[in-house]
Amino acid sequence: MKARHLNFNEFSKQVANPHNLSNWQFLGDRPAIVDFYASWCGPCKMLAPVLDDVARDYDGKVDVYKIDVDKEPALANAFKVRSIPTLLFIPREKLPVISRGAMSKTDLVDAINTHLL
């Protein structure tokens, strides 16, 4: 499985209501990672295959989503994304944790184990 691209409507149905983030309610069945990226971003391009690896390695345990900030500026604004890549780690029952910048696979796995599992 690869990281899955979401648009605003899909995000609203599968992850959370971006209009009501102050009253956070996660809608997913499994913990999730959301990658805010842009197609022209060098560090984002470096992170993409790492996220696909993680999506395969954690298939059925963690959902991995991608949001193109150029196509979905309302989502980027809702989460105050000012630099890319920005990763949102969403545990099942706690508030999301934001991480800015590209991560190695080792660091990403550590973050998954710390924040999601």
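Peer 1: Tell me about the packing of aromatic side chains, and please be specific about residues and values.
Peer 2: Applying the stated rule across the entire model yields three aromatic pairs. Taken together through their ring pairs, the aromatic side chains of Phe11, Trp24, Phe36 and Phe79 make up a single cluster. Lying across the ring of Tyr37, Lys66 places its NZ or CZ 4.3 Å from the centre.

Peer 1: I'd like a rundown of the environment of Glu10, residues and numbers included.
Peer 2: Looking at where Glu10 falls in the secondary structure, it is placed in helix H1 (residues 8-14). Of the residues examined, Glu10 reaches a relative accessible area of 30% and is grouped as partly exposed. Spatially, the C-alpha atom of Glu10 lies 21 Å from that of Tyr58, the residues being 48 residues apart in sequence. The residues touching Glu10, leaving out its near neighbours within four places in the chain, are His5 and Val15.

Peer 1: Tell me about the nonpolar core, and name the residues and values.
Peer 2: Grouped together as the largest cluster of nonpolar side chains are 23 residues, with contacts concentrated most on Phe11, Val15, Val34, Phe36, Ile67, Phe79 and Ile90. For this core, the elements supplying multiple residues, two or more each, are H1, strand E2 (32-37), strand E3 (63-68), helix H3 (73-78) and strand E4 (86-90). With four residues, the top contributor of residues to this core is E2. When sequence neighbours within four positions are dropped, the list of residues in contact with Ile90 reads Val15, Trp24, Phe26, Pro31, Ala32, Val34, Pro96 and Leu116.

Peer 1: Can you lay out the packing of helix H2 (residues 42-57) against helix H4 (residues 105-115) for me, pointing to particular residues and giving the numbers?
Peer 2: In a packed pair of helices, the relevant descriptors are the angle between the two axes and the axis-to-axis distance. Packing of H2 against H4 leaves a shortest axis separation of 10 Å and a crossing angle of 45°. By the angle class used here, H2 and H4 are oblique. By crossing handedness, the relation of H2 to H4 is classed as right-handed. Of the residues in H4, those touching H2 at Val50, Leu51, Asp53, Val54 and Asp57 are Lys105, Leu108 and Ile112. The residue makeup of the contact of H2 with H4, split by class, is five nonpolar, no polar and three charged.

Peer 1: How would you summarise H2 if you had to cite specific residues and measurements?
Peer 2: Counted at 1.5 Å a residue, the expected span for H2 with its 16 residues is 22 Å, and the 24 Å between its end C-alpha atoms agrees. Looking at H2, one finds that the buried residues are Cys44, Leu47, Val50, Leu51, Asp52, Val54 and Ala55. Buried residues along H2 sit against E2, E3, E4 and H4.

Peer 1: Report on the pattern of salt bridges, specifying residues and quantitative values.
Peer 2: Using the criterion set out here, one finds four salt bridges in the structure. The partner of Arg56 in a salt bridge is Asp53, with the nearest N and O atoms 2.6 Å apart. Taken together, the residues Arg56 and Asp53, both in helix H2 and three residues apart, mark about one turn of the helix.

Peer 1: How would you explain the sheet that holds strand E5 (residues 97-100) if you had to name every residue and give the values?
Peer 2: The five strands are arranged E1-E3-E2-E4-E5 in an open sheet whose pairing can be described as mixed. In this open sheet, the two edge strands, each paired with only one partner strand, are strand E1 (4-5) and E5. Of the pairings in the sheet, the one linking E2 to E3 comprises six bridges and is parallel in character. Its bridge partner lying in E3, Asp35 is registered against Lys66.

Thresholds, definitions, all that
- Residues numbered from 1 in each chain as written.
- Predicted model: local features only at pLDDT ≥ 70, side-chain atom pairs only at ≥ 80, totals over all residues.
- Heavy atoms only, no water.
- Phe/Tyr/Trp six-rings, centres within 6.5 Å; stacked < 30°, edge-to-face > 60°.
- Lys NZ or Arg CZ within 6 Å of the ring centre and 35° of its normal.
- Helix = DSSP H or I, 4+ residues; strand = E, 2+ residues; numbered from the N terminus.
- Buried < 20%, exposed > 50% of the residue type's maximum accessible area, 1.4 Å probe, protein only.
- Contact = heavy atoms within 4.5 Å.
- Core = buried A, V, L, I, M, F, W, Y, C linked by side-chain atoms within 4.5 Å.
- Axes fitted to C-alpha atoms, helices over the stretch in contact; angles between N-to-C directions.
- Parallel < 35°, antiparallel > 145°, perpendicular 65-115°, else oblique.
- Left-handed = near helix turned anticlockwise from the far one by under 90°.
- Nonpolar A, V, L, I, M, F, W, Y, C, P; charged D, E, K, R; others polar.
- Expected span 1.5 Å × (residues − 1).
- Salt bridge = Lys/Arg side-chain N within 4 Å of Asp/Glu carboxyl O.
- Pairing = 2+ DSSP bridges.

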